[in-house]
Amino acid sequence: WRQFDLHRFANLAAYTKFTCVKVIYMTYYSQQVQILTRQLYPKSYLLKQVINAKKFIDDNPKDISLDDIAGAACMSKFHFVRLFKRYYGKTPYQYLNEVRIAEAKKLLAAGHTVSETCYLLGFNSLSSFSILFKKMGGSTASHHQKSNFQ
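The model shown is predicted, which means the values in this text are computed figures rather than measured ones.

What follows concerns the overall build of the protein chain. Along the backbone of the protein chain there are eight helices and zero strands. Shown N-terminal to C-terminal, the secondary structure of the protein chain runs as helices and strands in the order α-α-α-α-α-α-α-α. Going through the 150 residues of the protein chain one by one, you find that 25% of them count as buried. Accessible area for the protein chain stands at about 10,600 Å²; split by element, carbon and sulfur atoms hold 60% of it.

So this is what it looks like as structure tokens:
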């Protein structure tokens, strides 16, 4: 009888030790997650405003400026650029160019000319559009257009 109690006690002690280690680990882990969350997203309302501005870029990739995008986020353009870069790892201008080039590929595949596509997406000159398209798209716009029709 006494041996049974000792065995039960030993199992209980091992379980308690395991549970304590598990609780300490989970507490440590949850603390680290909370610390990282506070560092990356110090104010959740700012994150929501930046997400809304990103949606604004996605919905209006054509002729928009940084002032328009920052206005959609309800903050100054300088603060907005800092937050956008922190959350997405790129500036709003870089993201806008990615969205515009993706849209350009769709327009070229639909049969629009290169110059038509350039001005529809709000680029000021055909040469700047062509350079950016080649840099981001890997080939020239006219080559991309021809490859879709072959």
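Attention shifts here to the nonpolar core. Within the largest apolar cluster, 16 residues are counted, with the highest numbers of intra-cluster contacts made by V50, I57, I69, M75, F80, L83 and F84. Those elements that provide at least two residues to this core are α2 (44-59), α3 (66-73), α4 (77-88) and α5 (92-109). Leaving out residues up to four positions away in the same chain, L83 has contacts with L46, V50 and M75. Formed by twelve residues, the second largest nonpolar core is a distinct cluster that contains A104, V114, F129 and L132.

Our focus in this paragraph is the confidence of the model for the protein chain. For the protein chain, the average pLDDT comes to 80, and 79% of its residues sit at 70 or higher. Looking across the protein chain, the model is least confident in helix α1 (residues 2-40), with a mean pLDDT of 60, and most confident in α4, with 92. This model gives residues 1-6 a pLDDT under 50, and the stretch forms zero contacts once residues within four places in sequence are excluded.

Turning our attention to the packing of α2 against α4. Here α2 crosses α4 at 90°, and the two axes come no closer than 10 Å. The orientation of α2 relative to α4 falls into the category roughly perpendicular. Seen from α2, the contacting residues are L46, L47, V50, I51, A53, K54 and I57; seen from α4, they are H79, F80, L83, F84, Y87 and Y88. Each residue belonging to the contact of α2 with α4 can be placed in one class, and the counts come to eleven nonpolar, one polar and one charged.

The final tally for this structure, using the stated rule, is five aromatic pairs. Ring plane angle 50° and centroid distance 6.0 Å describe the contact between F84 and Y95, whose orientation is recorded as tilted. Of this pair, F84 sits in helix α4 while Y95 sits in helix α5; the two residues are eleven residues apart in sequence, bridging distant segments of the chain. Note on F84: relative accessible area 0%, which makes it buried. Given the relative accessible area of 13%, Y95 is considered buried. Taken together, the ring pairs in this structure connect F80, F84, Y88 and Y95 into an aromatic cluster.

Our next topic: the environment of I51. Inspection of the secondary structure puts I51 in helix α2. With 36 residues separating them in the primary sequence, I51 and Y87 have C-alpha atoms 9.2 Å apart.

Here we take up the environment of F123. For F123, the position within the fold is in the loop between α6 (114-120) and α7 (126-137). In this structure F123 comes out as buried when scored by relative accessible area, which is 8%. Excluding residues within four positions of it along the chain, F123 makes contact with N97, R100, C118, F129 and L132.

Calculation criteria
Residues numbered from 1 in each chain as written. Predicted model: local features only at pLDDT ≥ 70, side-chain atom pairs only at ≥ 80, totals over all residues. Heavy atoms only, no water. Helix = DSSP H or I, 4+ residues; strand = E, 2+ residues; numbered from the N terminus. Buried < 20%, exposed > 50% of the residue type's maximum accessible area, 1.4 Å probe, protein only. Areas by Shrake-Rupley, 256 points an atom, 1.4 Å probe, with all protein chains shown as cover. Core = buried A, V, L, I, M, F, W, Y, C linked by side-chain atoms within 4.5 Å. Contact = heavy atoms within 4.5 Å. pLDDT = per-residue confidence, 0-100. Axes fitted to C-alpha atoms, helices over the stretch in contact; angles between N-to-C directions. Parallel < 35°, antiparallel > 145°, perpendicular 65-115°, else oblique. Nonpolar A, V, L, I, M, F, W, Y, C, P; charged D, E, K, R; others polar. Phe/Tyr/Trp six-rings, centres within 6.5 Å; stacked < 30°, edge-to-face > 60°.

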